[in-house]
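Understanding the architecture of this molecule
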Amino acid sequence: MATKGQKFKNYTQGIKEEILRKYFEEYVPTTALSEEYGISKKTIQNWIYKSKQGKDILVDHRQFSSGRPKKNDEDIDYKERYEILKKYQAFLKAQREKK
């Protein structure tokens, strides 16, 4: 998993195509390709997997947004939320008094 501030390496189309050509046409193993180009074996395996699936390896498929979607300030009705909280506090107070 990516960490905050992590930098990702970008590889040119030519390098990717050359590595895939060597893998598929010359049957060079991923370990040898990794050592030759200084690219991690897992990265090369991902390119191979994507090319077998018919995906474009030049397109970055990572998701850049995660977590809860952000709301605009105009979508938030603070008065309504305040009223709900007041009612909830009154409810909790009544529950405590029953005990």
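Structure first, text after, so check above.
Note on numbering: residues in each chain are counted from 1, in written sequence order. Local features in this predicted model are restricted to residues of pLDDT 70 or higher, and side-chain atom pairs are both shown and tallied only at a pLDDT of 80 or more, whereas totals for entire chains, interfaces and linings draw on every residue. Water and hydrogen atoms play no part in the side-chain values, which are based on all heavy atoms of the structure.

Focus: the packing of helix α1 (residues 13–25) against helix α2 (residues 30–37)
Where helices are involved, their axes are fitted lines through C-alpha atoms of the stretch in contact, as for all axes, and angles between N-to-C directions lie from 0 to 180°. Comment: elements are numbered from the N terminus, with helices defined as DSSP H or I runs of at least four residues and strands as E runs of at least two. Put simply, α1 and α2 touch, their axes get as near as 10 Å, and they point 150 degrees apart. Judged on the interaxial angle alone, α2 and α1 are roughly antiparallel. Crossing of α1 against α2: the hand is right-handed. Between α1, through Glu18, Ile19, Lys22 and Tyr23, and α2, the contact on the second element is made entirely by Thr30, Leu33, Glu36 and Tyr37. Only Asp, Glu, Lys and Arg are considered charged, only Ala, Val, Leu, Ile, Met, Phe, Trp, Tyr, Cys and Pro nonpolar, and every remaining residue, Gly among them, polar. Class assignment of the residues belonging to the contact of α1 with α2 gives a composition of four nonpolar, one polar and three charged. Put simply, angles under 35 degrees are roughly parallel, angles over 145 are roughly antiparallel, angles from 65 to 115 are roughly perpendicular, and the rest are oblique. With the far helix as reference, a near helix turned anticlockwise by less than a right angle produces a left-handed crossing, and one turned clockwise produces a right-handed crossing. In this analysis, two residues are considered to be in contact whenever any of their non-hydrogen atoms come within 4.5 Å of each other.

Focus: the side chain of lysine 16
One can find lysine 16 in helix α1. Throughout this description, buried means an accessible area under 20% of the type-specific maximum (1.4 Å probe, protein chains only), exposed means over 50%, and partly exposed covers the range between. Asp and Glu count as negative and Lys and Arg as positive, but His and the ends of the chain are not part of the count. Salt bridge, as applied in this entry: a Lys or Arg side-chain nitrogen positioned within 4 Å of an Asp or Glu carboxyl oxygen. One buried charged residue, lysine 16, remains without a salt bridge, the closest side chain of opposite sign being aspartate 56 at 7.6 Å. With residues up to four places along the chain from it excluded, the contact list for lysine 16 reads Tyr11, Trp47, Ile57 and Leu58.

Some details on the packing of α2 against helix α3 (residues 41–52)
Interaxial distance between α2 and α3 falls to 9 Å at its minimum, and their mutual angle equals 120 degrees. Looking at the two axes, α2 sits oblique to α3. In terms of crossing hand, the pair formed by α2 and α3 is right-handed. The segment α2 lies against α3, with Thr30, Thr31, Leu33 and Ser34 engaging Lys41, Ile44, Gln45 and Ile48.

A short note on the nonpolar core
Among buried residues, those of type Ala, Val, Leu, Ile, Met, Phe, Trp, Tyr and Cys that are joined through side-chain atoms within 4.5 Å constitute a nonpolar core. The biggest cluster of nonpolar side chains holds nine residues, and these are Ile19, Leu20, Val28, Leu33, Ile39, Ile44, Trp47, Ile48 and Ile57. Elements with a contribution of two residues or more to this core: α1 and α3. Per element, the largest residue contribution to this core is three residues, and it comes from α3.

Quick look at the packing of aromatic side chains
The criterion for an aromatic pair is that two Phe, Tyr or Trp rings (for Trp, the six-membered ring) have centres within 6.5 Å, with stacked assigned to planes under 30 degrees apart, edge-to-face to planes over 60 apart and tilted to the rest. Counted under the stated rule, the structure contains three aromatic pairs. Arranged with centres 5.4 Å apart and planes meeting at 75 degrees, the rings of tyrosine 11 and tryptophan 47 form a pair that is edge-to-face. With tyrosine 11 in the segment before α1 and tryptophan 47 in helix α3, the pair connects residues that are 36 residues apart, well separated along the chain.

Some remarks on α2
When we look at burial in α2, the residues that qualify are Thr30, Leu33 and Ser34. All buried residues of α2 fall inside an arc of 100 degrees around its axis, so they share one side. Note on α2: the residue one or two positions beyond its end, glycine 38, has a positive phi of about 70 degrees. The arc in question is traced by the directions running from the helix axis to the C-beta atoms.

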